[in-house]
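Breakdown of the fold
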Amino acid sequence: MENVSLKNILLYCILTFLFLHNVEGENRSINKCKNIELVLRGTILKQEMLDVPNARYIIESTLNLDKKTIRVPDNCVLIFRGGSLRNGEVIGQFIVEADAVQIFDDLICRELVNRSIPIEWYGGKAYKTLAECKKGKDSSEAINRVLRSNYRHKEVFFQVDIIVLITL
């Protein structure tokens, strides 16, 4: 067995402390996301309203992009609680949290990080059975909006236990 010097033990302790301190510091910064509420109904969404990175934007009303392109800062989360975005384009590497309801109206998303996209976000309707599907709403326009969007993963997954009606 080699002779371990006090110098090597001290160096090991210092490096371990520095490593653990850096990892803990990164985790602390991830958990300190700032919550920003966007609740002004009918408001035109301006770029200045989405300028804080690493934030959770809570959208509780309909916000109009006025046919503009808005960049969401990277590493943000858009949380929809009864709100929606309409009339424009949103770009940036961000995540959307929302129920399976329409949250995008005449809107294109670019670089969205989500892997699964409910068709309802774009105004489509998913059905559990073929009988429901035959009597239901045509979702082709919603699917076209999803396909015109450019997701970060370059692919879109729809839930496989549902049927989406497309009229050709």
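Here is what the cut-offs are and how they apply
- Residues numbered from 1 in each chain as written.
- Predicted model: local features only at pLDDT ≥ 70, side-chain atom pairs only at ≥ 80, totals over all residues.
- Heavy atoms only, no water.
- Salt bridge = Lys/Arg side-chain N within 4 Å of Asp/Glu carboxyl O.
- Helix = DSSP H or I, 4+ residues; strand = E, 2+ residues; numbered from the N terminus.
- Buried < 20%, exposed > 50% of the residue type's maximum accessible area, 1.4 Å probe, protein only.
- Pairing = 2+ DSSP bridges.
- pLDDT = per-residue confidence, 0-100.
- Contact = heavy atoms within 4.5 Å.
- Phe/Tyr/Trp six-rings, centres within 6.5 Å; stacked < 30°, edge-to-face > 60°.

Within the structure shown, the criterion is met by 3 salt bridges. Of the charged contacts, one joins Asp105 and Arg86 as a salt bridge, the two residues approaching to 3.6 Å between their closest N and O atoms. On the criterion of sequence distance, the pair formed by Asp105 in strand S7 (residues 104–110) and Arg86 in strand S5 (residues 84–91) is long-range, its members being 19 residues apart. Across the pair Arg110 and Glu89 runs a salt bridge, and its minimum N-O distance is 2.6 Å. Of this pair, Arg110 sits in strand S7 while Glu89 sits in strand S5, and the two are 21 residues apart along the sequence. The exposure class of Arg110 is partly exposed, given its relative accessible area of 26%.

The next subject is the pairing of strand S4 (residues 76–80). The buried fraction of S4 is high, at 5 of 5 residues. Here S4 shows two buried faces, one formed by Cys76, Leu78 and Phe80 and the other by Val77 and Ile79. Inspection of the sheet shows strand S2 (residues 55–59) paired to S4 by 4 bridges, in the parallel sense. Bridged to Ile59 within S4 is Phe80.

Attention now goes to the confidence of the model for the protein chain. On average, the protein chain scores 75 in pLDDT, and the residues at 70 or more come to 66%. Ignoring residues within four places in sequence, the model shows residues 18–31, a span with pLDDT below 50, making 0 contacts including any to other chains.

With that settled, the discussion passes to unusual backbone geometry. The backbone phi angle of Asn54 is positive, close to 55°, even though this residue is not glycine. Counting through the fold element by element, Asn54 comes out in the loop between strand S1 (34–38) and S2. Phi is positive for Asn75, which is not a glycine, with a value near 65°. Locating Asn75 in the fold gives a position in the loop between strand S3 (62–71) and S4.

Before going further, it helps to examine the packing of aromatic side chains. Counting across every chain of the model gives 3 aromatic pairs. When the ring of Phe80 is compared with that of Phe104, the centres are 5.9 Å apart and the planes differ by 90°; the resulting orientation is edge-to-face. Taken as a pair, Phe80 in strand S4 and Phe104 in strand S7 lie far apart in primary sequence, 24 residues in all. Each member of the pair, Phe80 as well as Phe104, is classed as buried. A centroid spacing of 5.1 Å and a plane angle of 55° characterise the contact between Phe104 and Tyr122, whose relative ring orientation is tilted. In this pair, Phe104 sits in strand S7 while Tyr122 sits in the loop between S7 and strand S8 (126–127), placing the two residues 18 residues apart along the sequence. Grouping residues by exposure puts Phe104 and Tyr122 together as buried. Three or more aromatic residues link up through ring pairs in this structure, and these residues are Phe80, Phe104, Trp121 and Tyr122.

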